[in-house]
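Spelled out from the first residue to the last, the chains are:
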Protein chains: 2
Amino acid sequence: MRIGELADRLGVNPKTIRFYEARGLLPDPARLPSGYRDYGPEDESRLAFIKTAQRLGLSLDEIGEILAFKERGERPCGYVLSVLAAQLSDIDRRIGELVRLRAELVALKDRADQLATGDACYCGIVEHAGRISQTTTR
Amino acid sequence: MRIGELADRLGVNPKTIRFYEARGLLPDPARLPSGYRDYGPEDESRLAFIKTAQRLGLSLDEIGEILAFKERGERPCGYVLSVLAAQLSDIDRRIGELVRLRAELVALKDRADQLATGDACYCGIVEHAGRISQTTTR
DNA sequence: CTTGACATTCCATCTGAGTGGAAGGCATAC
DNA sequence: GTATGCCTTCCACTCAGATGGAATGTCAAG
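What comes next is a walk through the structure.

Lining the immediate surroundings of DNA strand D are 20 residues, of which Lys15(A), Thr16(A), Tyr36(A), Gln54(A) and Arg18(B) lie closest. When the atoms of DNA strand D within 4 Å of the protein are sorted by group, sugar and phosphate make up 62%. Contacts to DNA strand D include Arg37(B), whose side-chain N or O atom sits 2.7 Å from a phosphate oxygen. Sorting the residues of the surface near DNA strand D by element identifies helix H2 (14-22) and helix H3 (41-55) of chain A together with helix H1 (3-10) and helix H2 (14-22) of chain B as the ones contributing at least two each. Of the residues assigned to the surface near DNA strand D, the class counts are six nonpolar, seven polar and seven charged.

Following this line, the structure appears as C-alpha cells:
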C-alpha cells in the first residue's frame, strides 16, 4: 500500500510517516517501480505501535529505543516493561493530578453564581485555583 | 520586589517572567530608579494565576484571553467558566484515557512472564496496546 | 493527451514554552 | 575601588513533533 493509504488507515499525515522514517522509527520501506513507498502489514502494525506508545505517553525517543531493541534481535520485554512500569507510575501521578484538578473545577463551577457577581471574579478564580496542589504537570 | 525575588517566590525562571511580559500576560511593571523591574503583590498573584491556570491545562493564549477580559474591565466569569467547562470535559476525557491505558499496562505487566519468553514479545506489546481505544490525546 | 490525484525530495517554517548568552549597567561588601 | 551578583536589552537558539511548499514525477480516467 502507498503512503496515503497507510496514513489514512491510521489517521496520520503522510508527512508524519516520512518524518518517522527520517527519525529512524520506521525502516526504509520497499519501493514500487515508480519509486513510491510500498508498505505492508508489518509497517502498519509498527506505525500503530508508535502511535499507541505515544498515547501511552512515550516520547518518540523512548519509542525509538524500544524499537531499537527489536532491531538488534534482542527480546525487549524487560526493557519495555521497565519503561512501562515507569510510565505506569507516571500515569498514576497524572491521574491523581487530574482528579484533583477536576474536583477544583467542579467546585469552581458550583460556585459560578457567587463568583460571577462582583469584580472579584478574576481574583476568586485565582484564590480557588491557588489551592490546587503545587505538583507540576509532566 | 525585583524580578529575581518574584521568580524565586514562585519557582520560575526570571527569563520566564520577561517572556510572559513580552507575551502580554504580565503588564509592563513599575521600574526602580535603576531601571530594574519592580513587582508588587498584584504582579505576584497575577503570575500565580498564570501558573495555576497552566496547571489547569490552559495554554498561554487561553490565559491571555482570560486576562484580557479583566484588562477591559469586563467580568470574565462567563467566559472563564465556559473555558473551565471545556477544560473539565477535556480532563474527564483524559482521565478516562489514562485509566484505560493504566489497565492495559497493568495487564501487560501481569503477563510479563509469558511475554518475556519467545520473540513475539514486541508484537505482543503491539497487540495488547493496539486494543487501546483510538481516541487521541489532546 | 491532458487533467487531477497522489507521489517524490529537499528545505523551510511552525507551535508552545521557554532558555542561553553577550554586552553592559547598578549595588553592595570587603 | 574592585569583585560579585543581580539586573537590563537584544538576539538567537532549544526541544518535540510535526507541517508547508516548491519543483517534479507517476498513473488512472475521461
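Another aspect to go through is the packing of aromatic side chains. Here the structure, examined in full by the defined rule, presents two aromatic pairs over all chains. Summarising the aromatic geometry, the rings of Phe19(A) and Tyr20(A) are spaced 5.9 Å apart at their centres and angled 45° between planes, so their arrangement reads as tilted.

What follows is about H3(A). Helix length check: H3(A), at 15 residues, gives a terminal C-alpha distance of 21 Å against a target of 21 Å (1.5 Å per residue), a fit within 8%. By the burial criterion, the buried members of H3(A) are Asp43(A), Glu44(A), Arg46(A), Leu47(A), Phe49(A), Ile50(A), Thr52(A), Ala53(A) and Arg55(A).

Time to look at the environment of Arg31(B). Residue and element names in this part refer to chain B. When you line up the elements, Arg31 lands in strand S1 (residues 30-31). Residue Arg31 is classed as partly exposed on the basis of its relative accessible area of 45%. Separated by 29 residues in the primary sequence, Arg31 and Arg2 have C-alpha atoms spaced 9.1 Å apart. Once residues lying within four places of it in the same chain are set aside, the contact partners of Arg31 are Glu21, Tyr36, Arg37 and Asp38.

Moving on: H2(B). Three- or four-residue spacings in an α-helix give side chains the same orientation, since the helix completes a turn every 3.6 residues. All names here are of chain B. Of the residues making up H2, those classed as buried are Ile17, Tyr20 and Glu21. In an axial view of H2, the angular spread of the buried residues amounts to 105°, which keeps them on one side of the axis. Residues of H2 that are exposed and point over 90 degrees away from its buried face: Lys15 and Ala22. One side-chain oxygen of the residue at the start of H2 lies 2.8 Å from the amide nitrogen of Lys15, identifying that residue as Asn13.

Here we come to the packing of H1(B) against H2(B). Residues and elements named next belong to chain B. With their axes 8 Å apart at the nearest point, H1 and H2 run at an angle of 105° to one another. Compared by their axis directions, H1 and H2 come out roughly perpendicular. Contacts between H1 and H2 involve Ile3, Leu6 and Ala7 from the first element and Pro14, Ile17 and Arg18 from the second. Here the residues of the contact of H1 with H2 are counted per class, giving five nonpolar, no polar and one charged.

What counts and what doesn't
Residues numbered from 1 in each chain as written. Chains lettered and ligands numbered in written order. Predicted model: local features only at pLDDT ≥ 70, side-chain atom pairs only at ≥ 80, totals over all residues. Heavy atoms only, no water. Near = heavy atom within 4 Å. Polar contact = N/O pair within 3.5 Å; in protein donor to acceptor, adjacent residues only side chain to side chain. Helix = DSSP H or I, 4+ residues; strand = E, 2+ residues; numbered from the N terminus. Nonpolar A, V, L, I, M, F, W, Y, C, P; charged D, E, K, R; others polar. Phe/Tyr/Trp six-rings, centres within 6.5 Å; stacked < 30°, edge-to-face > 60°. Expected span 1.5 Å × (residues − 1). Buried < 20%, exposed > 50% of the residue type's maximum accessible area, 1.4 Å probe, protein only. Contact = heavy atoms within 4.5 Å. Arc of directions from axis to C-beta. Axes fitted to C-alpha atoms, helices over the stretch in contact; angles between N-to-C directions. Parallel < 35°, antiparallel > 145°, perpendicular 65-115°, else oblique.

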